[in-house]
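These are the residues of each chain, in order.
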Amino acid sequence: MMTINPTGTPVWAEILIIPIALIALSIARHIIQQLLFPNKDEPPLVFSWLPFIGSTIDYGIDPYKFYFKYQKKYGNIFSFVLVGKKHTVCLGLEGNNFVLNSSVSEISAADIYRGLTLPIFGKDVCYDCSPAKLMEQKKLLKYSLTADKLDSFVPVFLDVMQNYVEHAEDFQGNEGVFDVVECMAVTTIFTAAASLQGKEVREKLDQGLADLYHTLDLSFIPINFYLPGLPLPVNRRRDEAHKKIAAIYTNIINRRRALGGESAREADDDMIWSLMRSTYKDGTPVPDHEIANLMIGLLMAGQHNAYSVGSWILFRLASRPDIQKALYQEQREALGTDLIISARRDLVSKLPLHKMVVRETLRLHDPIHTVMRAVKVPLTFTSTSRSYKIPTSHVLISAPGVTAQSAEYFPEPDKWEPRRWEAMTDFLERGEKRGAMSAFLPFGAGRHRCVGEEFAYLQLCTIIAYMVRNFVFRPMEGEGVPKTDYTAMLTRPVLPARLQWEKRSKE
Ligand code: HEM
Ligand SMILES: *[C@@H]1O[C@H](CO)[C@@H](O)[C@H](O)[C@H]1NC(C)=O
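Residues numbered from 1 in each chain as written. Chains lettered and ligands numbered in written order. Predicted model: local features only at pLDDT ≥ 70, side-chain atom pairs only at ≥ 80, totals over all residues. Heavy atoms only, no water.

According to the UniProt record, the Cofactor (unreviewed entry) comment for the chain is "heme". (UniProt positions renumbered as here; feature names shortened; annotations may be inferred.)

(A) Structural context of the site of ligand 1. The full set close to ligand 1 counts 23 residues, and Y127, K138, R373, H448 and C450 are the nearest of them. Separating a nitrogen atom of ligand 1 from a side-chain N or O atom of N305 is a distance of 3.4 Å. R373 is positioned such that a nitrogen or oxygen atom in its side chain is 2.7 Å from an oxygen atom of ligand 1. Contributing elements (two or more residues each) for the shell around ligand 1: α6 (131–143), α14 (288–318), β5 (371–375) and α21 (453–470). Counting residues per element, the shell around ligand 1 draws most heavily on α14, which supplies 5 residues. (Near = heavy atom within 4 Å. Polar contact = N/O pair within 3.5 Å; in protein donor to acceptor, adjacent residues only side chain to side chain. Helix = DSSP H or I, 4+ residues; strand = E, 2+ residues; numbered from the N terminus.)

(B) Seen up close, the coordination of the iron atom of ligand 1. The protein supplies the iron atom of ligand 1 with one donor atom, C450 (SG), which lies at 2.3 Å. Inspection of the secondary structure assignment puts C450 in the loop between α20 (425–434) and α21. (Donors = N, O, S within 2.8 Å, 3.2 Å for Na, K, Ca; no water.)

(C) Layout of the pattern of salt bridges. A complete count under the given rule lists 21 salt bridges for this structure. Note that R345 and D151 form a salt bridge whose closest N and O atoms lie 3.2 Å from each other. On the criterion of sequence distance, the pair formed by R345 in the loop between α16 (339–342) and α17 (347–350) and D151 in helix α7 (residues 147–167) is long-range, its members being 194 residues apart. Its relative accessible area of 14% is what places D151 among the buried residues. (Salt bridge = Lys/Arg side-chain N within 4 Å of Asp/Glu carboxyl O. Buried < 20%, exposed > 50% of the residue type's maximum accessible area, 1.4 Å probe, protein only.)

(D) Fine view of the environment of N163. Within the secondary structure, N163 is located in helix α7. Sequence spacing of N163 and T187 is 24 residues, and the spatial spacing of their C-alpha atoms is 9.9 Å.

(E) Here's a closer look at the domain arrangement of the chain. Segmentation of the chain into domains returns domain 1 (1–37) and domain 2 (56–503). Domain 1 and domain 2 are separated by 48 Å when their C-alpha centres are compared. (Domains from an automatic or database assignment.)

(F) Highlighting the UniProt feature "transmembrane region" (unreviewed entry) in the chain. Mapped onto this numbering, the UniProt entry gives "transmembrane region" (unreviewed entry) at residues 12–32. Counting secondary structure, residues 12–32 comes out at 100% helix and 0% strand; the distance between its end C-alpha atoms is 30 Å.

(G) Summary view of the pairing of strand β8 (residues 395–398). Where burial is concerned, the two faces of β8 agree: the one with V395 and I397 and the one with L396 and S398 are both buried. Where strand β2 (residues 85–90) and β8 come together, 4 bridges link them in parallel fashion. The residue bridging C90 from the neighbouring strand is S398, located in β8. Sheet topology places β5 next to β8; 4 bridges connect them, and they run antiparallel. Opposite R373, over in β8, you have L396 as the bridge partner. (Pairing = 2+ DSSP bridges.)

(H) Highlighting the pairing of β2. Sheet topology note: the strand β1 (residues 77–82)/β2 ladder contains 6 bridges and is antiparallel. Looking at the pairing, S79 lines up with T88 of β2. Joining the antiparallel neighbours β1 and β2 is a turn of 2 residues, in which V83 adopts a positive phi near 45°.

(I) Up close: the UniProt feature "binding site: heme" (unreviewed entry) in the chain. When the UniProt feature table is mapped to this numbering, "binding site: heme" (unreviewed entry) covers C450. The exposure class assigned to C450 is partly exposed, which follows from its relative accessible area of 31%.

Dropping the structure here:
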């Protein structure tokens, strides 16, 4: 029996009628507003049926498809509603430049990313400090990534790979199947930690450390981007992992100081040593907790992107036996039979096809599909002779992956063809000169540009060189290159992502 009140309607209906009416009204207002009263000064707005949700689902399923669809409809600038906020996308060369080359007085990355990154990296680094301080921190990091330093990483990378393959369950015997994303997640974190963090970390590189980083990585999810600070289990685990990792680095720093500081440095001069003797411009030494948090941030920034790109590379290679063969020949000719001994100096420039494989994979599988900035002052974007106003209530988006996948700049853009870059040296040189005014910006541009580009090329080239030297890869029966999963906030292959391997016969 339902409770009936004197007017004859059930109580639940009376309780619900007001919220339902409010929701209906707000939907009606949202639709009418878009259809009848568009703001002609502002960029065209992608139509959506629901307020707040707007285009969130359409965008979330496949951001690139979304960008291309509305670029076709509206051109290089349009807005859409994402989780209750208007986001304005600026595409094309001018769009890339407009967003990435704007000054800090106009836009802010920290306002967007701080909620997500603060609990992962920790205090006083990256987006939890002023843009000027972030700039200084990036310079300090760059100092310890010189060409000489990078050369010294190669034997470390190869050693880590050797060790990994000897012990990984998936790689025992003469052939088998392996989990590509898992393999790349572990090898990229181990190679990065072993090279950047020095002897102490190298000595205790084990699954424990990989698991701690993986726990941090798992909190890199959209809900933490839009609603940071919720008491979710994934966030509790993240906070514990942060504490443990930070303690590992602080212990290393303390032990080094106790052993006599600089004099204990020996030949092993890693990023931690380098930060320990660094000072900011005003002369203050970098505090220990900032060193620890920079190391965490650095490893996360690097590994998060590298494991995704590395996975895509292996899938692309598996479906192109001709390129695998050409890579093998390239290494044999450039480096001879002993990779570990001969691959020390200037590895990447000795292996141009390897580099093109990385570059072409970055073009088609740019891990960062969306770069966001808060708008600090009203902006004006001019595209094909029309100007649009972008108010401070909007979020700005740059998506250089769109120009990178456009036929206008790359003929047959959907084809993975590393050798296309052979004919593009002019393009790359022009890109260097024009900064953000380029069609290929997987490492960003302007003041937030990546400091890890050379490191990433070297790390990925070395990992591929090792893998191709030792194995031949094939897709799983009846499978090709996997589809992309965008839910993890980067472009990762849909799981399970596996390939078949077989030991290469060494002639
Ligand atoms: C394939 C690998 C990588 C890709 C595709 C990549 C991509 C990017 C992009 C697109 C940005 C700009 C983000 C923005 O403008 O909001 C960036 C910034 C950055 N990356 Fe990388 N990165 C990679 C590897 C690395 C590595 C290995 C390191 C460290 C060794 C690193 C450290 C950084 C840092 C410190 C920033 C600066 C953030 C800022 O100024 O806001 N990245 N990266
Ligand atoms: C990028 O910004 C810098 C500094 O504001 C400026 O000098 C440069 O001309 C800009 N580049 C482009 C292509 O607009």
